[in-house]
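Read off the chains here:
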Amino acid sequence: MRSDYDCIVVGAGPAGSMAAEAAARKGLRTLLLEKDREIGVPVRCAEGVGERELTELVQPRERWVANVVQGAVLIAPNGKEVVIEGNGDRGLVLDRKIFDYDLAAMAAAHGAEIATKAYVFDVLRTDGRVTGVRVQHLGRTHDIRARVVIGADGVESRVGRFAGLHTALKLRNLGSCLQVTLANIRVDPRYVYAYFGEAVAPGGYLWIFPKSETEANVGIGILGPYTKQRSAMRYLDDFLRRRFPHAAVLYTVAGCVPVAKTLKKIIAPGLMLAGDAAHQVNPVTGGGIITAMFAGRLAGNVAAKAIAANDVSENMLNEYAREWHRQVGQKHERLYRVKESIIKLRDADFNRLAEIMQDIPPEERTLLTVLKKALMRKPALILDLVRAFMG
Ligand SMILES: Cc1cc2nc3c(=O)[nH]c(=O)nc-3n(C[C@H](O)[C@H](O)[C@H](O)COP(=O)(O)OP(=O)(O)OC[C@H]3O[C@@H](n4cnc5c(N)ncnc54)[C@H](O)[C@@H]3O)c2cc1C
């Protein structure tokens, strides 16, 4: 490691690796720092992405894909199943260990330097501007300077906080998740499954993302306030006992998802935050891989532009925040309102929604047709959802 770079990226998840790749591709001397010993491990993710969305960002490699799905099955509290076909829009269940690893390797191929076991525990500041990081690497502490720092250090981001940004997440906007990877099960791998209901996953949902006919990521995400009554683990245990009594648990992981609006401020002089660190997750689904990649790339490109202009002021870096909001953030604000409506739904509302969906022929069942049909029936809560979507 040198003692100064153009760009330092903290965290080698999808946001960080895409940021490092973009910055290095534009010729910046770039350093990517990861606190864990190995990139991609531990996996805290159900590993689902849309194929089209991923392909817009990178060319998917075969080795990243554990399973391809053609649609989703939604299961109402009364057990009614509604199949939603992707109609050609396929979903991928990734192998994130390989995926994250390869994204970092792609950044390296463009010239980014990478260090693992490199824990950033403070930022350096000069005249109110972030000018580097303090890192512990293999037992030694280093101060490394950079003209721009990109904080891509995940939901528990400390880089933003070190730089004085307000990164706290309200309990009501925190998805508390627990997931197991199961073997020795039987599941139709052509679909992902989402279960709803107060007894299954209050203020959230429980998922099955198959990796094959006999393996799947099975997890639950519930909103913070509900965990006071009963933990995510107890809900998941109940479900597993009923649905997969003979499963072997290969892997267990807990984690949090920010189901919130994007942070009010995602930039400071010399600093940008990207991915979970900036709360750039879809607030309805909790999916954040694609948006993290998008934001990371955008931040890396803006870093290059700012450095070329010799101006890393807040004003200059604001292009990143502006573009994020224009291209994705505004949609997330609408989705946040949808989430706020969904958490008000009771079991009877979910059951009614399932009935409405079942009336629609499977080949016509898209989110839009469901909403149109719901609108005709005009139940008040569903109207809330429609308003949120239509903005
Ligand atoms: C149980 C669960 C299931 C999920 N399922 C899905 C899903 O199916 N699809 C989907 O799209 N999203 C899913 N998500 C969300 C998704 O995992 C995240 O949105 C995504 O990983 C965000 O990428 P990121 O690069 O911002 O952060 P991360 O992937 O969290 O990467 C941050 C990196 O920064 C490193 N780091 C942190 N602090 C420091 C430090 N101080 N110094 C150096 N390095 C540091 C971390 O070790 C980590 O490697 C799920 C999340 C959970 C918890």
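Refer to the structure printed above.
Report follows, based on the coordinates. Source: prediction; values computed, not measured.

Turning our eyes to something else, we now look at helix α6 (residues 289-308). Over its 20 residues, α6 extends 29 Å from the first C-alpha to the last, a length consistent with the 28 Å expected when each residue adds 1.5 Å. Counted residue by residue, α6 has 16 buried out of 20 residues, so it is predominantly covered. Following α6 by one or two positions, N310 has its phi on the positive side, about 55°.

Let us now look at the environment of A46. For A46, the location among the structural elements is in the loop between β2 (30-33) and β3 (48-50). When the C-alpha positions of A46 and P210 are compared, they lie 9.4 Å apart, and in sequence the two are 164 residues distant. In contact with A46, not counting residues within four places along its chain, are Q179, W207, F209, N217 and G219.

The next point concerns the site of the ligand. Residues in contact with the ligand amount to 37 residues; listed here are only the nearest, G11, G13, G255, G275 and G288. Elements with a contribution of two residues or more to the shell around the ligand: α1 (14-25), β3, β9 (118-126), β12 (174-183), β16 (248-258) and α6. For the shell around the ligand, the leading source of residues is α1, giving three residues. A breakdown of the residues in the shell around the ligand according to their chemical character gives 17 nonpolar, twelve polar and eight charged. When residues are assigned to domains, the shell around the ligand turns out to be shared by domain 1 (4-45 + 97-170 + 262-332) and domain 2 (74-94 + 171-258), each giving three or more.

Residues I8, A19, I150, M272, A274 and A303 are the most contacted members of the largest nonpolar core, which totals 116 residues. For this core, the element with the most residues is α6, which contributes twelve residues. Setting aside anything within four residues of it in sequence, one finds A274 in contact with A15, A19, I150, A152, A292, A295, G296 and A299.

Right, let's get into the pairing of strand β13 (residues 191-195). By the criterion of burial, β13 is predominantly enclosed, with four of the five residues buried. By the bridge criterion, five bridges tie strand β5 (residues 71-75) to β13 in an arrangement that is parallel. Across the sheet, residue I75 finds its bridge partner in β13, namely Y195. Pairing of β13 with strand β14 (residues 204-210), which is carried by three bridges, proceeds in the antiparallel orientation. Following the sheet pairing, Y195 is matched in β14 by L206.

What follows deals with the sheet that holds β3. Reading across the sheet, the three strands line up as β3-β7-β4 and stay open at both edges, with antiparallel pairing between neighbours. Two strands bound the open sheet, and with one partner strand each, they are β3 and β4 (65-69). Neighbouring strand axes in the sheet, compared pairwise and without regard to direction, differ in orientation by 30° on average. Judged from the four bridges that link them, β4 and strand β7 (residues 91-94) form a sheet pairing that is antiparallel. Looking across to β7, one finds that V68 is bridged to L92.

Further remarks concern the packing of α6 against helix α7 (residues 314-342). Following both chains from N to C, one finds α6 and α7 inclined at 150°, their axes separated by 9 Å at the closest point. Taken together, α6 and α7 sit at an angle that is classed as roughly antiparallel. Crossing of α6 over α7 shows right-handed handedness. Every residue of α7 that contacts α6 at T291, F294, A295, L298, A299, V302 and A306 is listed here: M316, L317, E319, Y320, E323, W324 and V328.

Right, let's talk about the environment of A66 for a bit. Position of A66 relative to the elements: it lies in strand β4. With 26 residues separating them in the primary sequence, A66 and L92 have C-alpha atoms 7.5 Å apart. Residue contacts for A66: discarding those within four places in its chain leaves V93, L94, D95 and K211.

Here we take up the packing of α1 against helix α3 (residues 96-109). At their nearest, the axes of α1 and α3 sit 8 Å apart, and the two run at 15° to each other. Overall, the two elements α1 and α3 adopt an arrangement that is roughly parallel. Between α1 and α3 lies a crossing whose hand is left-handed. Across from P14, S17, M18, A20, E21 and A24 in α1, the residues of α3 making contact are D100, L103, A104, M106 and A107. Its residues placed into classes, the contact of α1 with α3 shows eight nonpolar, one polar and two charged.

Spatially, seven strands are ordered β6-β5-β13-β14-β15-β12-β16 in an open sheet, and the strand pairing comes out mixed. Both edges of this open sheet fall to β6 (81-85) and β16, since each of them pairs with a single strand only. Each neighbouring strand pair of the sheet contributes to a mean axis angle of 20°, computed without reference to strand direction. Against the sheet, helix α5 (residues 232-243) engages β12, β14 and β15 (216-223), with an angle of about 140° to β15.

Reading the values: the criteria
Residues numbered from 1 in each chain as written. Predicted model: local features only at pLDDT ≥ 70, side-chain atom pairs only at ≥ 80, totals over all residues. Helix = DSSP H or I, 4+ residues; strand = E, 2+ residues; numbered from the N terminus. Expected span 1.5 Å × (residues − 1). Buried ≥ 20, exposed ≤ 12 C-beta atoms within 10 Å, placed from the backbone. Contact = placed C-beta atoms within 7 Å. Near = placed C-beta within 6 Å. Nonpolar A, V, L, I, M, F, W, Y, C, P; charged D, E, K, R; others polar. Domains from an automatic or database assignment. Core = buried A, V, L, I, M, F, W, Y, C linked by C-beta atoms within 7 Å. Pairing = 2+ DSSP bridges. Axes fitted to C-alpha atoms, helices over the stretch in contact; angles between N-to-C directions. Parallel < 35°, antiparallel > 145°, perpendicular 65-115°, else oblique. Left-handed = near helix turned anticlockwise from the far one by under 90°.

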